[in-house]
Structures are given as structure tokens and as C-alpha cells.
Amino acid sequence: MKPRLNKFALVCWRGIDYEEVAFENEVFAGLTGPSGAGKTTAALCLAYALLPDRKSLRLRPLSSVNDPSQAEVDQLAVRINREYGFAYVALDVRSRDGSRIVAGIHVASADSGAVLTGWHLMNASEDTPLQDYLRLVDGDDETFVDLHDLRAGLARQGVDLRICKSVSEYGEFLYDVGILPAPLSDLSDRALYARLIESTFRGGLSAEVSTRLKDYLLPEASRVPEALSRLQQCAAQLSRTKRTLADARRHLSLLKTVFDTGKQLVCAAIWGVQQQRDTVQERQAILRHSEASCITTIEGAGPILAELSNIEALVRDQQQQLKLERQGRMASAQLSVTLAQDLVTSTQEVARSAGEALASFDAGETLWRTLCAGREVADYDALHSAIDEDRQAQAAAAAGCRATLAQLDRDIAALQGSTFSRSGLLAEQLGGTSLVEAAALLTIEDSRAVEMSLTTLTEGVLGASPEAFLETLAALPDDPALPDSFWLRRELPQAPDLRRAGAWHVLRTPQGYVVSSDRRHATLGEKARKARCAQLEAAKASPEQQLRQALARDAELAAQARTAAENVGRIRLFLAHALRRVSLEEAHQVAMTRLADAKNAASEAVKALDALSSQFEGRAAQHLERLGEVDVQRREALRRRDDAQALLTGVQAELAELDQLQQTLLTLTDGVQQALDATYAGLMQAAQLQDWGDPTSARFGAEQTRRLGDLVTLLRQESEPIAEVVVAVSADDAVGCAALWPVLVRMLRDRLPIEVADEPDESLLDEMQRTRADLEQQLREHEDELRMEASVLPRSVLVDVRRQMSRIEDLNKLAASVVFGNVIGLQFKAAPKPDLMAALEGVSAQLSLLVTENEVPVHMLLERLFKEVYDASYDGSALMDYRTYMDVRLVVLRKGAKDWELASNLSGGEAIGGGLAATLMLARSLHHAGPVPASQFTPVFIADEVQRLGVEGHKVVVDLCRREGFQMLVTAIELEPAYPCVLYALHREYEPRERVVMRRALVHPREGHADA
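Owing to the predicted nature of the structure, the values given are computational and were not obtained by experimental measurement.

## Section: helix α23 (residues 792–813)
And step 1. The terminal C-alpha atoms of α23, which comprises 22 residues, lie 33 Å apart, in line with the 32 Å expected from a rise of 1.5 Å per residue.
And step 2. Within the sequence span of α23, burial applies to Val 792, Leu 793, Pro 794, Val 797, Val 801, Gln 804, Ile 808, Leu 811 and Asn 812.

## Description of the sheet that holds strand β12 (residues 487–489)
And step 1. Taken together, three strands build an open sheet; the order of strands is β10-β11-β12 and the sheet is mixed. Either end of the sheet is taken by a strand with one partner, and the two such strands are β10 (433–434) and β12.
And step 2. For β10 and strand β11 (residues 460–462), the ladder comprises two bridges, and the chain directions are antiparallel. Among the inter-strand pairings, Thr 433 is bridged to a residue of β11, identified as Leu 462.
And step 3. Contacts from helix α10 (residues 423–430) reach β10, β11 and β12 within the one sheet, and its direction differs from that of β11 by about 45°.

## Remarks on the confidence of the model for the protein
And step 1. The pLDDT averaged across the protein works out to 80; a share of 87% of its residues lies at or above 70.
And step 2. This stretch, residues 754–760, has a pLDDT under 50; its non-local contacts, to residues over four places away or in other chains, come to seven contacts.

## Comments concerning the pairing of strand β3 (residues 28–32)
And step 1. Here β3 lies mainly inside the structure; five of its five residues are buried.
And step 2. The two faces of β3 match: Phe 28, Gly 30 and Thr 32 on one face and Ala 29 and Leu 31 on the other face are all buried.
And step 3. Direction of pairing for β3 relative to strand β20 (residues 967–972): parallel, over a ladder of five bridges. Within the sheet, the bridge partner assigned to Ala 29 lies in β20 and is Leu 969.

## Observations concerning the sheet that holds strand β18 (residues 901–902)
And step 1. The three strands lie next to each other as β16-β17-β18, forming an open sheet whose pairing is antiparallel. The strands lining the two open edges of the sheet, one partner per strand, are β16 (823–832) and β18.
And step 2. Summarising the sheet, strand β17 (residues 886–894) and β18 pair through two bridges and their orientation is antiparallel. When the bridges of β18 are listed, Val 891 appears paired with Leu 902.
And step 3. Against the sheet, α23 makes contact with β16 and β17, and its axis sits at roughly 175° relative to β16, the strand it touches most.

## Considerations on the pairing of β20
And step 1. Of all six residues making up β20, six are buried, and the element is well covered by its neighbours.
And step 2. Burial along β20 is two-sided: the face carrying Gln 967, Leu 969 and Thr 971 and the face carrying Met 968, Val 970 and Ala 972 are both buried.
And step 3. In this sheet, β20 lies alongside strand β19 (residues 940–943) in parallel orientation, the contact comprising four bridges. From the neighbouring strand, Ala 943 faces β20, where its bridge partner is Val 970.

## Observations concerning the pattern of salt bridges
And step 1. For the structure on display, the rule yields 37 salt bridges.
And step 2. Among the ionic pairs, Lys 7 bridges to Glu 20, the shortest N-O distance being 3.3 Å. One end of the pair, Lys 7, is in strand β1 (residues 4–13); the other, Glu 20, is in strand β2 (residues 16–22), and 13 residues separate them in sequence.
And step 3. Note on Lys 7: relative accessible area 22%, which makes it partly exposed.
And step 4. When its relative accessible area of 24% is taken as the criterion, Glu 20 is described as partly exposed.
And step 5. A salt bridge links Arg 706 to Asp 710; its shortest N-O distance comes to 2.9 Å.

## A short note on the side chain of Arg 707
And step 1. Locating Arg 707 in the fold gives a position in helix α19 (residues 698–716).
And step 2. Buried charge Arg 707 goes without a salt bridge, the closest partner of opposite sign being Glu 703 at 4.0 Å.
And step 3. Setting aside residues up to four positions removed in sequence, Arg 707 forms contacts with Thr 261, Gln 264, Leu 265, Ala 268 and Trp 692.

## Brief notes about the packing of helix α14 (residues 526–539) against helix α15 (residues 541–566)
And step 1. Relative orientation of the contacting elements α14 and α15 amounts to 20°, with a least axis distance of 4 Å. By the criterion of interaxial angle, the relationship of α14 to α15 is roughly parallel. For the pair α14 and α15, the contacting residues are Glu 537, Ala 538 and Ala 539 in the first and Ala 541, Ser 542 and Pro 543 in the second.
And step 2. Split by residue class, the contact of α14 with α15 holds four nonpolar, one polar and one charged.

## What about the side chain of Thr 347?
And step 1. Mapped onto the elements, Thr 347 comes out in helix α8 (residues 226–371).
And step 2. Among the polar contacts made by the side chain of Thr 347, one reaches the main-chain carbonyl oxygen of Leu 343 at a distance of 2.7 Å.

## Remarks on unusual backbone geometry
And step 1. Here Glu 991 and Pro 992 are connected by a cis peptide whose omega angle stands at 0°.
And step 2. Within the element layout of this structure, Pro 992 appears in the loop between β21 (981–989) and β22 (995–1004).
And step 3. Positive phi, normally seen in glycine, also occurs at Asn 25, with a value near 65°.
And step 4. With respect to the element layout, Asn 25 can be found in the loop between β2 and β3.

## Observations regarding α14
And step 1. Over its 14 residues, α14 runs 20 Å from end to end, which matches the ideal 20 Å to within 8%, given 1.5 Å per residue.
And step 2. If you check which residues of α14 are buried, you get Arg 529, Cys 533 and Leu 536. The arc that holds every buried residue of α14, seen down its axis, measures 65°, which confines them to one face. Along α14, exposed side chains directed more than 90 degrees from the buried face belong to Lys 527, Lys 530 and Ala 538.
And step 3. Packing partners of the buried residues in α14 comprise α9 (380–415) and α12 (444–453).

## Points about the packing of aromatic side chains
And step 1. The full count for this structure, using the stated rule, is four aromatic pairs.
And step 2. Each ring, one from Tyr 84 and one from Phe 86, has its centre 5.8 Å from the other, and the planes form 65°; the classification is edge-to-face.
And step 3. By the ring-pair criterion, three or more aromatic residues cluster together here, those being Tyr 84, Phe 86, Tyr 88 and Phe 144.
And step 4. Over the ring of Trp 900 we find Lys 829; its NZ or CZ atom is 5.5 Å from the centre of that ring.

## Thoughts on the packing of α9 against α14
And step 1. Relative orientation of the contacting elements α9 and α14 amounts to 165°, with a least axis distance of 9 Å. On the basis of their axis angle, the class for α9 and α14 is roughly antiparallel. Considering only the axes of α9 and α14, their crossing is left-handed. On α14, the residues that touch Leu 408, Asp 411, Ile 412 and Leu 415 of α9 are Arg 529, Arg 532, Cys 533, Leu 536, Glu 537 and Ala 539.
And step 2. For the contact of α9 with α14, a count of residues per class yields six nonpolar, no polar and four charged.

Definitions and cut-offs
Along each chain, the written sequence defines residue order, and numbers are assigned to residues from 1. Local features in this predicted model are restricted to residues of pLDDT 70 or higher, and side-chain atom pairs are both shown and tallied only at a pLDDT of 80 or more, whereas totals for entire chains, interfaces and linings draw on every residue. Hydrogens are left out, water is left out, and the side-chain values use all remaining heavy atoms of the structure. Comment: elements are numbered from the N terminus, with helices defined as DSSP H or I runs of at least four residues and strands as E runs of at least two. To estimate the expected span of a helix, count its residues, drop one, and scale the result by 1.5 Å. Type-normalised accessible area, obtained with a 1.4 Å probe on protein chains alone, sets the label of each residue: buried when under 20%, exposed when over 50%, and partly exposed for intermediate values. By definition, two strands form a pair when at least two bridges between them are found by DSSP. A contact between two residues is defined here by any heavy atoms of the two lying within 4.5 Å. Note on definitions: angles span 0 to 180 degrees between N-to-C directions of axes, and those axes are lines fitted to C-alpha atoms, for helices only across the stretch in contact. What pLDDT conveys is the predictor's confidence in a given residue, as a value from 0 to 100. Salt-bridge detection follows one rule: a side-chain nitrogen of Lys or Arg within 4 Å of a carboxyl oxygen of Asp or Glu. Positive charges come from Lys and Arg alone, negative charges from Asp and Glu alone, with His and the N- and C-terminal ends not counted. Any angle from 65 to 115 degrees is called roughly perpendicular, while one under 35 is roughly parallel, one over 145 is roughly antiparallel, and all others are oblique. Amino acids outside the nonpolar list (Ala, Val, Leu, Ile, Met, Phe, Trp, Tyr, Cys, Pro) and the charged list (Asp, Glu, Lys, Arg) are all regarded as polar, and Gly is one of them. We define a polar contact as two N or O atoms separated by no more than 3.5 Å, with the added condition that, inside protein, one atom must be a possible hydrogen donor and the other a possible acceptor, whereas residues neighbouring each other in sequence contribute only through side-chain atom pairs. Here the arc refers to the directions that run from the helix axis out to each C-beta atom. Geometry of aromatic contacts follows a simple scheme: Phe, Tyr and Trp rings, the Trp one being its six-membered ring, pair when their centres are within 6.5 Å, and the pair is stacked under 30 degrees between planes, edge-to-face over 60, tilted otherwise. As a reminder, the over-ring test applies to NZ of lysine and CZ of arginine, requiring each to be within 6 Å of the ring centre and within 35 degrees of the ring normal. A crossing counts as left-handed when the near helix is turned anticlockwise from the far one by less than a right angle, and as right-handed when that turn is clockwise.

Laid out in C-alpha cells, this is it:
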């Protein structure tokens, strides 16, 4: 009987207490719903229930792959219901023998993530619901408990729950049932099956599956081939030979360096002693010459100093004579300057007086002509009288203008005088028009005539008959605001004709004459009076202008009078000398000429004084300069004498010291010769071939100290006792340094064969060089052997490549009947990489070049060679793996096509089908190695978030599931089934508590209905 997964259950997950997903005898089940509904949770649970190995299988939902915040999140642990802290996934399986099998995993939350434990039931009843195996019932109460409590509760019911101790034990159980293709006890099989689950979980033939087919198909290189082992042995032997040769070279180099350094140290020491002796002798000769020169200088200083004293006395006598001469001649010159300056002062006073007289005459002339403009006057008094007369005329004109303006102001004031009338209030109370208002438009003459006809009574009311006024008059109160006398008339009377008699106006009336003066202005005719006032105001402009002109002219005349009074002296001077201006000018010119002559004479006197002073100062400077020269020469002579005396003292002291040093160096030379004995002459000859520097300098001492330090460092690698002997020697101890040479020669002889130990010093190193040549011959032989063994490596890799290509051909036979959609063929195409194989052959031929004295693994040498020769970066371990040298591709053949194409070009349902087919082939390859027939194996595949599975894609996947005999669970937001299948619609609710609601539908699209 072919096994199958009937259902699986989810227990205690977030939002899920218990839910089942059943296949209902179908090969395809789908979970649909929006994001976050719980679809991925169900898919993850089923995948880990098939392979509960967190090290091999690490699934991440597609929605979290590109989210960096989800990278470290355990996708199982976060989905466990926190109220429980654990969860279950249970598989209800029909096994190969037809029995019911219940197995699954327990998932617990820990600090490191979700911990998976496999379990299975040994004696599951056919009739017991799956839920009853996962809960404990106590009356009406049902609870979900942790694994050990569940095991104890089921044991009380007679059900044996076995806990698997390992993933291998759990995998072997599911393999026996017929759900897994292999027991998965081997880690490589488990890793391969995990990758198959991952590839289908991500929706079919992903880019990762396409690029990592070799990892899926080909076994890892778990051991190094025999050729590689022999190659590693040859490389190790070559490394040892190189190490021995390097040691010999280092030993020879060490001894040679010790010999050379010691020889340099001794040569520098004996050369330094000899160089110091030569230097001392040269210095003694130089000092004796200096001693004689100093004595000569000291003895010759006395005559020079005496001669300089005589010269100084002579110059000082000349200075005294020059001082007396200067006093006499400078006093005479100074007197001449004083007389010339006094003459300039007196001449300046005369010139100033003449200039002032001429300037006063010119100013008086200018003022006279200005003040007399337009006047015929002969002297100052006549000018003064004329100005007074003009001022009086202007004052009279101003007075006339003021009188005219005063009269106009009076007329205006009379017209604007008291025109107050109380008839307005009276007219308001009596209901008429006041007399003043009615006569407002009358002319001034008519107003005067009307007033005289009314006997000058100008208060009244017009507009009604007197009888009508009388009726209202009775009720009129006697108010002081009302006029005490007034007219009551119907209308304004006509203006009568007036006669004029002088300043009087006369009106004849039946009763007699009414007379009015010009002084009285009419009260009536208000508008006429205002117009007259405007005329009078305009008439004021002319007299006002005349008044301003008169006042301005008066001010001008007053200024002339003041000017004349202030300059009366100049004016009288001008009038008195009006005919003598030429004589004044001549007097002024003569005074200015005499002043210029006096100034020139004074200037010449000053120049003469300055020239005489400069002459004496120059002669005095010459005396001072000569005295300075004498002083400088005296100080120089004294300095030379003193310096020669001081130098003589130092030279004599240094000569004494050098005599002692020469004796010391002679003793030191004897010591060096005794230490070196017969080798002294040869070493001295060698020392003289090189310039070792100044033996008394700090640099020479530093170099000797460095040589001693280098010698100690080298000897510590060869002979510690001799190194301690060298440590005790000081760099400035020439005898001690020379004494090291016999010690070093004895050390070198001790390290050579006895038969050559008596050779001269220069031949002691030749034997060691011959030993090194023998080792170099052995090295070449080992390199040839390594090259021969390295040529075997590419052939071994090629054999493995061909073996795996044969295996892939066998694997393709398992897919001979695989057909889905438009795909009628599917194969794995394998081929070697000839370029890379050729590169391996070329690199192997050069492998010996990289073997060093340090033993390095061959794969690291290959990695380095590929980088240096081909500029290609390969991991060394990968270069030792035959899979690196071959390509594997998955190809498909479509209906009607002649050529195979890459399966990675598939899309939609065909892409899912291609991934499933490739996965199925690999699963069958795993199963093919076991004893169970393929018909007794039903794999289960899961695909999460398959958004591109349309109607045609659904047909392809379901058709492939039926034809090839496997089961499929997919999740998507929506599915359009084209074949009978089971669909579950999921959605998540959060109120009143979080829960996932699942609704099942058995779909029969060909019959056009679904059974809920």
C-alpha cells in the first residue's frame, strides 16, 4: 500500500489552540488568506515536523528575507503561544502496511531559540480523533499540557508515546512509515534533504537552487585522494630538505658574519691606535710651530704700542690749537651775522610803515568812491550831511506810508465794527425774517439810505402784517436777549435819495431832515461791507511795499553812515593826499628794495658762519678719526699680545699632555702586538685598506659599540660562553678588542672537521660551503619528485569528475517519465571545465616553487598559485574538490521544441513544477540507495507564499503531484483551483482574544461546486 499524509495538526501556536489541515484523499492542499493570517506558521510547522533539525534546516519566510530586523529572529519561537510556552505539530499518516501512524514534534521556547523534540505513538487507534491524542480531558474540561505531562496522561489511557532521542531516530521512524526518502542518519543526507525542503518552501526552482546544483547533487569530498596524500608527503620532504639547507646556510652565514664582524672590530681597534699615534705626532708638530709664533707675537707688541702713544700725543696737540683758532674766527663771523640781522629788523619796520600808508590810502579811496556814488560832495562833512538828508527823506516817506495804512485799517475796522443784531431771535419767535438778514444784499449807499429812512433803528422783523405780529407779540416775554425797540413791517422799505452836504448825508422826510455823518457806517448790507473790506485790504499792498523799500533804504543809509564814521581817518587821509599817491608808492618800493638787500646780506653772513663751522667740525672729525684709529690699533695690538700669551699657555699645556698620551699609545701598541702575535701585521695591512673614521669621535665609538653588540647577538646563537667574554670587553679598549680575535679563530676551528681545522684562517669556511652544495643537490632531487607526484593530481580529479558524470546519467533515468505542463523532459547536464582543469595542470607543474622550509598544506599552495599565476581567487579547499572542476545545470525540453533550455527560465506553475521535479529526482536518489521500493515512498513538499500560481499553474502542479505520486501543501493569498483539492481559508481575529479561524472547502472544479 502506498503511504500518505492524511492530515497534520497545529497545537498551542499563536492564535491557534488546535487546528487540523487534512488532505481528504487529495494530493494537493492549499492555505489562503491575507498576510498575517497564519499560513506561513502552518507551512513552517509541517516542514520542521518532517525534519526537526535546526542545524541543517533554517527556514525563513519570504516576507522576512529582505527585512534586516528579522535576520536574527527565530521564526518558530516567535510563533509559539506565550500562554503555553510550548507547541505541537502532529502528523496523521497512513503507513506502507496500511496502519495508522501518529508522530510529530514538540516545540519549546528557550533562550537560544526553539528546541525541537520528535515523538511518535506506538499503538494509535484507527477510530480515535487526532485531537484526543494531544489533549487531556477531565469531565467537561480539556487542557493542552507539556510533553512529559502529555506522555503520562496518554499512558494512563493505555497509549504509549515514545520520545525520540535524536533526529536520526525520528527520521528512521518516518522513513519506515514511507514519508521520508531515507533514514537521514547520515549528516550529508540530512543536509541534502534540508536543502530540498528549503528550495520547494521558497516556491520552486529558485536562483539559489539553480546556482548550487552541485551542492545538491554531488557528494562532498570527504577524504583526500591517495595522489594528494603522496603529494603532501613529497611536499613535506621537500620542506624538510629546504629547512635543513636553510639551517646550513644560516649557520654558514652566521659564522661568516661573526668572522667578518670580529675582523672589522679588531681592524678598527688596531687602526684606531695607530691613527691616534699619527694624529698625536702631527698635532705635536703643529703645536710647536704655534708656540714659536706666539713668542714672536708677544715680543713684537712693545714697539708697536710705544709708537701708537706718540701718535696719540701729537693728535691731541693739534686738537687744542684748532680749538683756539675756532673760538676767534667764529666770534667774528657771529658778530657779522648779528649786525646783518639788526639791519633787516630796522628795514622791515620802514617797509611796513610805507606799506601801511599806501594800503590806508587805497582803502580810503575805495570807501570815498563807494559812499559818494550819486552825490556831489567835496569833503567828509558834506558827505555826512548828504547821508543825513537822505535818511530824513526816507523817514518822511515811511511815515506817510504808515499814515495811509492806519487810515485803511480804521476804515476796515469801522466796516467790521459792531454789526451785532438781536433781531434773529426775535424773528424766530415771531415767525418772520430779521431786518438785517433781509437787507444783507443792499449796497453801502442803499443801506445808509434805508437806515436813515428808518431813523437809524435797525432792529426789526419783516414778513407779515403788523396786526399778525401783534397777535404773537402779546405772548412774547420781555427777554434781555431781545431788542428793546424794533420794527414790525411787511417788507423792506425802498432806499430813498440822499443829499450830501460836506461830510454829512441828508434825508428829507415829512417831519423834517434826518442827517448822518460819514463816520457812521451802515449796519445793513453785510455782503457789501465785506466786499468793501476786501478792497481796502488789497489797497494796503502798495503802501506796505513802499514802507519796506523806505525802511531798507534807511538801513542802507545807516550802514553807510557807520562805515563813514568807522573809516573817517582813511577817508580824510585820502582827501588830504589825493594828489600824492605816486610818492607813497615810490616810498614803499624803496623800503622793500632795502629790506631785500638787508635779508640777502644777513643770509650770506649766516652761510659764511655755517661754512666756517663746518670747516672746523671737519678738521675736528679728522682728529677724532685719527685718535679712533690709534685706539683700535692699540686694542688690536694688546689683543694679539694677550691672545698669543693665552695661546702660548694652552699650547705648552697641550704639548705636555700629548707627550704623556704618546707614551700611553706606545704602551697600547705593544699590548695589541702581543695579543695578536703573528697576525698583527696581516690585520694591520687589512685595516689600512679602509677608512674607519676618527677614532676619537663619538661615531667611531658608536660603530665599535654596534659591532660588539652585533657580535654578542650572533654569538648567543652559537656559543653563550664566548658571548659572555665579548660582553666584558669595552668598545674603547683596543687591547681587549684585539684579544677577541684569537678566541673567534679558535671557535671557528672548533666547528670545522678535524681534517681542515689546521687550514689557514681564510680557508676555514670553504668546507661548510661544500656541505651546503650537497644539500642543494638533494633539494633539486626532491623538487623533481614533487613535480612528478603533482602531475598525478589533475588526473585524479578528472577520474572523480567522470565518475560523478556517470552517476548523474543514472539520476536522469529516474526522471525519464517526469512530465508537467508544456515540459516533456527534465535532466541534469554535467560537463567538466577544461580551462580550469588545464589551469590545475599548469599550477601543479609549478607547485614545487612555493614549497618553503615551513610545511604548508598543499591546498594552500594551490590557492596561492592560482592567485599569482591566473589572478583567480579560489578557496584552497575548493581547489582540492573535484566539484570545482565541473558544471551541473538543470535543463528542460518543452513540447514542440528541439533544444533543451535552462530550467531557471521557467515561470509560474512550470517554475514550481520544475523545482518539484528536481527535488523529487534528488529525493528519489536518496531513496534509491535504500531497500524500500519507490512505490512505497510518498514525499510531502511545502511551498510558501506562492503568489504566481494561477489556473494553469495549479493544473501543472496538481497533475505533477498525481502523476509522480507525492503530496503538496501551498500557501498563497488567493488560489484558483483547476483540479480537485482541499482549500483552507484563514484569517486572524484579535477581539476578544487573538485566534486564527480556518474554514475548509473540498473543491471539485470539474463538477462546478465545492463541498464545505
